[in-house]
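Descriptive structure summary
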Amino acid sequence: MPAALAGRMPGSSNVVVGSDRQLDAVKAGMRAFLNEARVLARFDHPALVKIYRFWEENGTAYVVMPYYEGPTLKTTLAELGHVPSENELRAWLKPILNGVTLLHDGGVWHQNIGPDEILITPFGPVLLGFSAATHAIEAMRHTPAAALKPGYAAIEQYGSAAGTTRGPWTDLYALGALIYAAITGNDPPPAADRLTDDRMRPLSVVAAGLYSDRFLVAVDAAMAVQPRRRPTEHAEFRALMGDIEAPEAVSLAPAPDLMQEPFAGARAQSDEVTVPDP
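Residues numbered from 1 in each chain as written. Predicted model: local features only at pLDDT ≥ 70, side-chain atom pairs only at ≥ 80, totals over all residues. Heavy atoms only, no water.

Some words on the packing of helix α5 (residues 168-184) against helix α8 (residues 213-222)
- Taken N-terminus to C-terminus, the directions of α5 and α8 make an angle of 130°; their axes are 8 Å apart at the nearest point. As summarised for this structure, α5 and α8 are arranged oblique, according to the angle between their axes. Read as a crossing pair, α5 and α8 show a hand that is left-handed. Residues Leu172, Tyr173, Gly176, Ile179 and Ile183 of α5 form the contact with α8, whose own contacting residues are Phe215, Leu216, Val219 and Ala222. (Axes fitted to C-alpha atoms, helices over the stretch in contact; angles between N-to-C directions. Helix = DSSP H or I, 4+ residues; strand = E, 2+ residues; numbered from the N terminus. Parallel < 35°, antiparallel > 145°, perpendicular 65-115°, else oblique. Left-handed = near helix turned anticlockwise from the far one by under 90°. Contact = heavy atoms within 4.5 Å.)

Written as structure tokens, this is what we have:
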């Protein structure tokens, strides 16, 4: 529901848009929203948001997922009361890295990792979705950079997806930035600023002696401004960091079974996709 562009008439469930120009942006956002759901439905991992169903109705689109409870990582770190230890950092990093690894093995880059996109639930950290609808709407309004997370978006995300080289290293930059923020208490400077005048002090200098050398060196490598200077994929990052073993091989979720109905009494829509939950 892009409230800045659309609304609902009193007494109606239908979404209405004010102008044709806004309608194009809303439609682009809805296509991206549904495509994100379609992509995430392929994966089943406790650290990735789970998608059960998605469909179009009332001039908009819907997604059904579990109700996740817990503060964001940003809130958790702010209320921690002390600088997190290396063990604490590794405890939430490991499941998130394993979930991101599953995405990468499926040829998907998240590109929206940030401290407000990770929930710390009673069952472990959960990485939320890609915010694809927001990115699509901002692109239609010719302000794609407005959808990026300053400090966590890699430099290659500042150009068009077709004209830049994005890959696993793009998400590794964001993961490194998360650790940097957790240790220093501040968001890293935006990659666009670092490109012209990189004044960011490496963690291997700022936090020397507080964490293991290989941990800090691995984070610094992941946060290199130029993509070619970063670890190329998760195995290389794990090798640098140590003590974060690779996850067991996990296959993608089975293809959706349109005849399966997980909710008793619910009426299936003809254009609705239901994803079985293993």
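After presenting the structure, the write-up continues.
Regarding the side chain of Asp171
- In this structure, Asp171 sits in helix α5.
- Arg230 provides the closest opposite charge to the buried, unpaired Asp171, separated from it by 8.8 Å.
- In terms of polar contacts, Asp171 uses its side chain to reach the side chain of His104, at 2.8 Å.
- At 2.8 Å, the side chain of Asp171 and the backbone nitrogen of Gln111 are in polar contact.
- If near-sequence neighbours (up to four positions away) are discounted, Asp171 is found in contact with Val100, His104, Trp109, His110, Gln111 and Ile113. (Buried < 20%, exposed > 50% of the residue type's maximum accessible area, 1.4 Å probe, protein only. Lys, Arg positive; Asp, Glu negative; His and termini not counted. Salt bridge = Lys/Arg side-chain N within 4 Å of Asp/Glu carboxyl O. Polar contact = N/O pair within 3.5 Å; in protein donor to acceptor, adjacent residues only side chain to side chain.)

A word on the packing of aromatic side chains
- With the rule as written, the count across this model stands at two aromatic pairs.
- A ring pair is formed by Trp55 and Tyr62, whose centres lie 5.4 Å apart and whose planes are at 15°; its orientation type is stacked.
- With centroids separated by 6.1 Å and ring planes inclined at 25°, the aromatic side chains of Tyr211 and Phe215 adopt a geometry described as stacked. Phe215 matches Tyr211 in its accessibility class, with the two residues each being buried.
- Sitting over the face of the ring of Trp55, Arg53 holds its NZ or CZ atom 5.6 Å from the ring centroid. (Phe/Tyr/Trp six-rings, centres within 6.5 Å; stacked < 30°, edge-to-face > 60°. Lys NZ or Arg CZ within 6 Å of the ring centre and 35° of its normal.)

These figures capture arrangement, not role.
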